[in-house]
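Structural characterization, general
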Protein chains: 2
Amino acid sequence: MNDANTKQTSPSRRNKGEDLPLVVGIDLGGTQIRTAVMRGATLLSRVGLLTGENPLPDRIIPRMCTAVHQALQEANVTIDQIAGIGIGAPGPLNGHTGVVYSPPNLPGWTNTPLRDIFFEKFTIPIFVENDANAAALGEYMFGAGRGSEEIVYVTISTGIGGGIISNGRLIQGIAGSGGELGHMAIDMHGPRCNCGNIGCWESIASGTAIARRAHELIALGKGEALLNYALTQQKPDATADTPSDLQRAQSYPTHLNARNVAEAAAAGVAEAKQIIAEAAEGLGVGLVNVIHIFNPERIILGGSVINIGAPLLDPAKRVIAERAMKVPRETANIVLAKLGSDVGLIGAGALSYYNR
Amino acid sequence: MNDANTKQTSPSRRNKGEDLPLVVGIDLGGTQIRTAVMRGATLLSRVGLLTGENPLPDRIIPRMCTAVHQALQEANVTIDQIAGIGIGAPGPLNGHTGVVYSPPNLPGWTNTPLRDIFFEKFTIPIFVENDANAAALGEYMFGAGRGSEEIVYVTISTGIGGGIISNGRLIQGIAGSGGELGHMAIDMHGPRCNCGNIGCWESIASGTAIARRAHELIALGKGEALLNYALTQQKPDATADTPSDLQRAQSYPTHLNARNVAEAAAAGVAEAKQIIAEAAEGLGVGLVNVIHIFNPERIILGGSVINIGAPLLDPAKRVIAERAMKVPRETANIVLAKLGSDVGLIGAGALSYYNR
């Protein structure tokens, strides 16, 4: 029979890491530059430097290079022993050219040729990818995606990020900005998203969306119980039963975040439960889209908001059971990410393995 | 510099067709079995048999085989000269295994191993793919997608079908049901779709959605002008100014289709213009999602509804200009499909080239 129709696994990308060369990974985040020398998913050294309040390229890039040298030294290896340096950075950026456009989280960066700058300094292969795509690669090679060539990674924290691997290849798109699942509209008459689009998945099911809904309720005067609960939790010295407490709290509503809302929901606060239920429905709707568009074997969920657990995931799974088509629904396994807070770092290192 | 980061074109899939082997394509549709012997996109013969009212596998598969033999005879070649037979069929089906699950458009088919049945009869490579994915391959290799490895094909007629090629590979998913862009929810509080999901792109921007909106208006008593216009166009003998005409027309509202509505809109009927504008907005919202998710180089639009032209496409493009992020928006070229009504047939033939 013709074998060309059956799915093949490429063995070169699927080994356990023992015979992989040494690489360097850099996870450039809004608060930290995390850097490591690694072999596969095993970290031989780890360096964390603060990004600082003024993250201009002229300040940050030398700091990144310092981190690389420190990581090499700590692992007791030289640059000649390193097969490549992978950098995960906030998008938008072009993974093909390694140019970072102008990320909202990195003010002052405008079309910065990060790959070329690093290549000049280190003269070994350099790979740059947006953080969600790099994390997806990390889970694909060394985490919850191992053994599958059809995965979708979704990370839900302040925003929703996505990384898609189909046919064993990352979907980067023509300018390297593919995979922006968080900016898929699921409610075309819904709220405006920061990106300019309307009703994005991120604007409905992210941590920021949960916090925004709480603040909206409070502004409408309907969030008293939620606010009182949050107040007693946040400020043990405050007695929440005087009107002045409520007034005071309304002056700093930014203190409320998704975790506060989830905790209030767990404690039985009705408005909080409603907000989590709405986010969960939105989460489910977006996952149905992922299932229909990609027919993935695994959907890997990561990010801090996923820690809310069953109150978020159970209703989302009910939406999937009710709305997704039979074949792709039954072949999609929804699993939790495995690499935890190191996913960005391991994913950055994995770029060298993926591209070789 | 490390070249691994730059996009490569695979030359084997990109030639003009002169040195390609002969193949057979079968486009299994709801009304016709279209079959051809072809080299590249050049048809050497063409056979059309009616699917018939009773499309059970036991009747249809022998008919498909007859069509293959007729096409071979007409092209004056034998089966030994054929490199493969590609079959485009209504989904859901598994493109990896060639099993057709149970398509709504092919009642009586349940897990039919179409590939294996054909292989037993012809003992040459057989490839089965859903019709939208096959059409996408056709446009990719021989139509509006030539020269790009990052394309999304969207066909809008009674439904909305999708076929996605990223990194030069079709996104089939783990069970071969990937690419169902029409069943991506864009309005989570919108109308129920035939597939069971809510607010699918197809339920808002397809030909069926346009017709449904017209019928809803008529049922609400708000579609009089639209109905009158359609009546005078459909039935030249009817005078549309008596109440009995309206009554009679309401008894066969299925006569109204997307083309009627588009024609009424072109003639200035306000309700019709509104319906087309709403479909166009939905079209644009779905295209923004395509742009954000895939960052494609080309979006290829096909299908009869696209023939509505500017009244549909111009507002959709305005939505894209307003809502899509800069980088993926500026790199996405929206083009019309090139292969016309032969797209399914050429796409089916292309399966043999794609899989070799």
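The following refers to the structure shown. Throughout this description, residue numbers start from 1 for each chain and increase along the sequence as written. Just so you know, chain letters begin at A and ligand numbers begin at 1, following the order they were written in. With the structure being a predicted model, the display of local features is reserved for residues of pLDDT at least 70 and the display and counting of side-chain atom pairs for 80 or more, all residues being used for whole-chain, interface and lining totals. Working from all heavy atoms in the structure, the side-chain values ignore hydrogens and water.

**Quick look at the packing of helix α9 (residues 270–294) of chain B against helix α10 (residues 310–323) of chain B**
Two quantities define a packed helix pair, namely the angle between the axes and the distance from one axis to the other. Residue and element names in this part refer to chain B. Heads up, the rule is: Lines fitted to C-alpha atoms define the axes, with helix axes restricted to the stretch in contact, and inter-axis angles between N-to-C directions lie between 0 and 180 degrees. Numbering of helices and strands starts at the N terminus; helices are DSSP runs of H or I of at least 4 residues and strands are runs of E of at least 2. Angle categories: roughly parallel below 35 degrees, roughly antiparallel above 145, roughly perpendicular from 65 to 115, and oblique for all the rest. Less than a right angle of anticlockwise turn of the near helix away from the far helix marks a crossing as left-handed, whereas a clockwise turn marks it as right-handed. The contact definition used throughout considers only heavy atoms, calling two residues in contact when any of these lie within 4.5 Å. Residues are grouped as follows: Ala, Val, Leu, Ile, Met, Phe, Trp, Tyr, Cys and Pro are nonpolar; Asp, Glu, Lys and Arg are charged; every other residue, Gly included, is polar.
Orientation of α9 relative to α10, taken along the N-to-C sense of each, is 45°, at an axis distance of 7 Å. When the axis of α9 is compared with that of α10, the two are oblique. By crossing handedness, the relation of α9 to α10 is classed as right-handed. Contact residues: α9 offers I276, A279, A280, E281, L283, G284, V285, L287, V288, I291 and H292, while α10 offers P311, L312, L313, P315, A316, V319, I320 and R323. Taken together, the residues that form the contact of α9 with α10 break down as 15 nonpolar, two polar and two charged.

**Focus on helix α12 (residues 343–355) of chain A**
Residues and elements named next belong to chain A. As a reminder, the rule being used: Residue count minus one, scaled by 1.5 Å, sets the expected span of a helix. A residue's bend is the angle separating two fitted axes: one through the seven residues that end there, the other through the seven that start there. Burial status follows relative accessibility: with a 1.4 Å probe on protein chains alone, a residue under 20% of its type maximum counts as buried, one over 50% as exposed, and anything between as partly exposed.
Between its terminal C-alpha atoms α12 stretches 18 Å, which fits the 18 Å expected from 13 residues at 1.5 Å a residue. In the structure, α12 departs most strongly from a straight axis at G349, where the bend amounts to approximately 30°. Of all 13 residues making up α12, 13 are buried, and the element is well covered by its neighbours.

**A few points about the pairing of strand β2 (residues 32–39) of chain A**
Residue and element names in this part refer to chain A. Formally: When DSSP finds two or more bridges between two strands, those strands count as paired.
Most of β2 is tucked away, with six of its eight residues classed as buried. Direction of pairing for β2 relative to strand β4 (residues 47–50): antiparallel, over a ladder of four bridges. If you follow Q32 over to β4, its bridge partner there is L50. Hairpin connection of β2 to strand β3 (residues 42–43): two residues between the antiparallel strands, including G40 at a positive phi of 60°.

**Comments concerning the relation of the copies chain A and chain B**
Where we set the bar: Copy-to-copy superposition: least squares on the C-alpha atoms, limited to residues that have pLDDT of at least 70 in both copies.
Here chain A sits on chain B after a turn of 180° about the axis and a move of 0.0 Å along it, with an RMSD of 0.0 Å. The transformation relating the two chain copies, once decomposed into turn and shift, fits a two-fold axis. Interface overlap between copies is the fraction of interface residues in one copy that are interface residues in the other; for chain A against chain B it reaches 100%, indicating a shared surface.

**Some details on unusual backbone geometry**
All names here are of chain A. With omega at 5°, the peptide bond leading from G91 into P92 counts as cis. On the secondary structure map, P92 appears in the loop between β5 (82–89) and β6 (93–94). The residue N167 is not glycine, and still its phi comes out positive at about 55°. Here N167 shows up in the loop between β11 (160–166) and β12 (169–170). Judged by relative accessible area, which is 18%, N167 ranks as buried.

**As for the pattern of salt bridges**
Residues and elements named next belong to chain A. Stated precisely, the cut-off is as follows: The term salt bridge refers to a side-chain nitrogen of Lys or Arg lying within 4 Å of a carboxyl oxygen of Asp or Glu.
All chains considered together, the criterion is met by 20 salt bridges over all chains. For R115, the salt bridge identified is with D116, shortest N-O distance 3.8 Å. Given a relative accessible area of 34%, D116 falls into the partly exposed group. Between E216 and R213 there is a salt bridge whose closest N-O contact spans 3.2 Å. Of this pair, E216 and R213 both sit in helix α5 (residues 207–219), three residues apart, which is roughly one turn of that helix.

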